[in-house]
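So you can see what is in the structure, the chains are spelled out below.
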Amino acid sequence: MRRRAPVAGAGFTASAVVLLLAPLAAELQAQSSDDFVPVTDAMLQNPAPEDWLMWRRTLDSWGYSPLDQVNRENVGELQMVWTRDLEPRTGEITPLAYGGLLYVPQASDVIQALDAVTGDFVWEYSRDIPEDLYTMVGGNARNNRNIAIYDRTIINTSDDNFVFAIDALTGETVWETKIFDYKVNSATHSSGPIIADGKVISGRSCRPWGGPNACIIAAHDARTGEELWRRRLIPAPGEPGDETWGDVPFEGRQHVGAWMVPSYDPELRLLFMGTSVTSPAPKFLLGGPEETHLYHNSTLALEIDTGEIRWYYQHLNDHWDLDHPFERLLVETRVTPNPSEVSWINPRLQSGEVRKVITGIPGKTGIVYTLDRETGEFLWATPTNYQNVILDIDGATGAVTINPEVIFRELEQEVFVCPTWAGGKDWEAGAYSPLTHTMYYPLRNTCGQMLATSNFESERARELTRGGQGGLAIYSLASRHQITPGTDYLGTVRAISVETGETTWLHEQRAHTMSLVATGGGLVFGGDANGRFKAFDDRTGEVLWEINLGSSVSGYPITYAVDGRQYVAVNTGSGSINLTPELRPSRGTSLFVFALPSRE
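Residues numbered from 1 in each chain as written. Predicted model: local features only at pLDDT ≥ 70, side-chain atom pairs only at ≥ 80, totals over all residues. Heavy atoms only, no water.

**Details of the state of the cysteines**
Here is step 1 of the chain: One pass over the full model with this rule turns up two disulfides.
Here is step 2 of the chain: Paired by a disulfide, Cys418 and Cys447 hold their sulfur atoms 2.1 Å apart. Looking down the S-S bond of the Cys418 and Cys447 bridge, the torsion is 110 degrees, so its handedness is right-handed. One end of the pair, Cys418, is in the loop between strand E28 (414-417) and strand E29 (431-433); the other, Cys447, is in strand E31 (residues 446-452), and 29 residues separate them in sequence. (Disulfide = S-S within 2.5 Å. Helix = DSSP H or I, 4+ residues; strand = E, 2+ residues; numbered from the N terminus.)

**A few points about the pairing of strand E21 (residues 329-335)**
Here is step 1 of the chain: In terms of burial, E21 is largely enclosed, as five of its seven residues are buried.
Here is step 2 of the chain: Looking at chain direction, E21 and strand E23 (residues 353-359) are connected through seven bridges and run antiparallel. Of the residues in E23, the one forming a bridge with Leu330 is Ile358. (Buried < 20%, exposed > 50% of the residue type's maximum accessible area, 1.4 Å probe, protein only. Pairing = 2+ DSSP bridges.)

**Side note on the sheet that holds strand E4 (residues 101-106)**
Here is step 1 of the chain: Reading across from one edge, E3-E4-E5-E6 is the order of the four strands in this open sheet, with antiparallel pairing throughout. In this open sheet, the two edge strands, each paired with only one partner strand, are strand E3 (96-98) and strand E6 (121-126). Ignoring strand direction, the axes of neighbouring strands in this sheet form an average angle of 15 degrees.
Here is step 2 of the chain: As paired strands, E3 and E4 are joined by three bridges and run antiparallel to one another. Bridge assignment links Ala97 to a residue of E4, and that residue is Leu102. (Axes fitted to C-alpha atoms, helices over the stretch in contact; angles between N-to-C directions.)

**Quick word on the nonpolar core**
Here is step 1 of the chain: Counting 71 residues, the largest nonpolar core has Tyr103, Ile149, Ile155, Ile201 and Leu271 as its most contacted members.
Here is step 2 of the chain: Here Ile155 is in contact with Ile147, Ala148, Tyr150, Val163, Phe164, Ala165, Trp175, Pro193, Ile195, Val200 and Ala222, once residues within four sequence places are set aside. (Core = buried A, V, L, I, M, F, W, Y, C linked by side-chain atoms within 4.5 Å. Contact = heavy atoms within 4.5 Å.)

**Focus on the pattern of salt bridges**
Here is step 1 of the chain: Here the structure, examined in full by the defined rule, presents 32 salt bridges.
Here is step 2 of the chain: Between Lys425 and Glu327 there is a salt bridge whose closest N-O contact spans 3.3 Å. A residue pair is termed long-range when its members are at least 10 positions apart, and Lys425 in the loop between E28 and E29 and Glu327 in the loop between strand E20 (309-314) and E21 qualify at 98 residues. Residue Lys425 shares its accessibility class with Glu327, and that shared class is buried.
Here is step 3 of the chain: Here Glu377 ties to Arg348 by a salt bridge, and the two come within 3.5 Å at their closest N and O atoms. With Glu377 in the loop between strand E24 (368-372) and strand E25 (378-382) and Arg348 in the loop between strand E22 (344-345) and E23, this residue pair connects regions lying 29 residues apart in the sequence.
Here is step 4 of the chain: In this structure Glu377 comes out as partly exposed when scored by relative accessible area, which is 24%.
Here is step 5 of the chain: Connected through shared salt-bridge partners, Arg348, Glu353, Arg355, Asp372 and Glu377 make up one network. (Salt bridge = Lys/Arg side-chain N within 4 Å of Asp/Glu carboxyl O.)

Function cannot be inferred from these measures alone, as they are strictly geometric.
Structure representation (structure tokens):
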């Protein structure tokens, strides 16, 4: 077990380190740098059990830790060991755990290093924010879902469209590289990068006014910051896919974003990234509903060295903001979909054959897709929550048929859509356990009366958007969300076999559920919008432990170990659709860390 690095003194900001305390910082770094083991690609591809080195811990996005000190038998003894307030507006974040420190991303480009055992402050990096930034790139840019670690640096993408590295021991800037001028090609980052074979891989949620060149995935050298390639997600004239936009001029092609975090297969040397909806969303406003508008709402397999697209699979032609950018689980498994449980199966599939697959729930529809990882061949798919958008999938080709009754054809048309843009599935991450060969997903039961409109002052648009939850002007959509008819439960956690597609257990509750992590102790940890943080039995779904943290448990849970003791960490913050008004959690933004009682 790696011993804890010495704590580097009292709190200070990044600018203070540079301007006022440089001699002290140098002394502290000299004292502790010999104890710091640089993070390598080999470590990222096979992390030590005690570490949490990236968003979902491993490049295959499992959200699984082999740590088993906390298990089904003793999880009831978990107790809080420390807590700490975070920056206002912090919500959807993932700490990294390495060398006895937690590296905690926070809202508005703040990163803190904390002692992972005590919670004591070590250093802070706080980036200068231009006054006009969020009016240009949107408020979602304040999200800072994840950061990366490589060599001796913490690496992130910034709200003002830089990629940068800071020293892991001091918080001092090591390098930074501009990706965009945020005033010209406006885009947000909302999720940070991963490191794949020494490359910083990051996507963007591009704003409509930023134009098609803002919609990219980029690779930078993790040691120097040099840009290696960038892949635009909207084809230009003469490029493959150009014809799928019909007569829409290049400058009018907007908002195909990659706003979540990719997965990576180092053997195939392929990145797997999901993409989002266009702006506007109803396709009659963008060249016609018969056009497919590549590469929106797709899974892309990208060559790591060039960014070239080896293959793609489009999940649907999206008129409703049902993005598909979420985590892709990379699993090697027997593929034996159960025809009585799975709606769409490739007729060529030899049941029981072992495949390297991409699986999981990549989009807001809540549909599970399993694809061959090397070729993109469709293998099987099946719904989870109720949805009325996808009518059929051709098993032989993977081609999707959209329900014609919910396709917008004109302005002020109204349709009833399930789910809404709140999901189904949203940014909250699922997890996979190799112990059970099961994936676990937080899902929501939502529907909405949805309107295609360009006039948000109309009587109907104002009625639908009353309360602030149902207006998306950049997509030309208004909606009144509701819980799916026939149930009172907004939130679920669903356990699904990766081999058969069968649901092995289902947990239902009033509050909507948040991100999950699976562990070697037979547990699945996850929170909800009403402040409850729970541990589920991974085999049965039984709730074995629960605590009320007061505010929405909006962070991505992690578990790590220091000096042989396992810890579980998660943060609270804002993040809920207002469909359960009787639940009134507070809005506190804090990090909580739990462990079993010390036996010393």
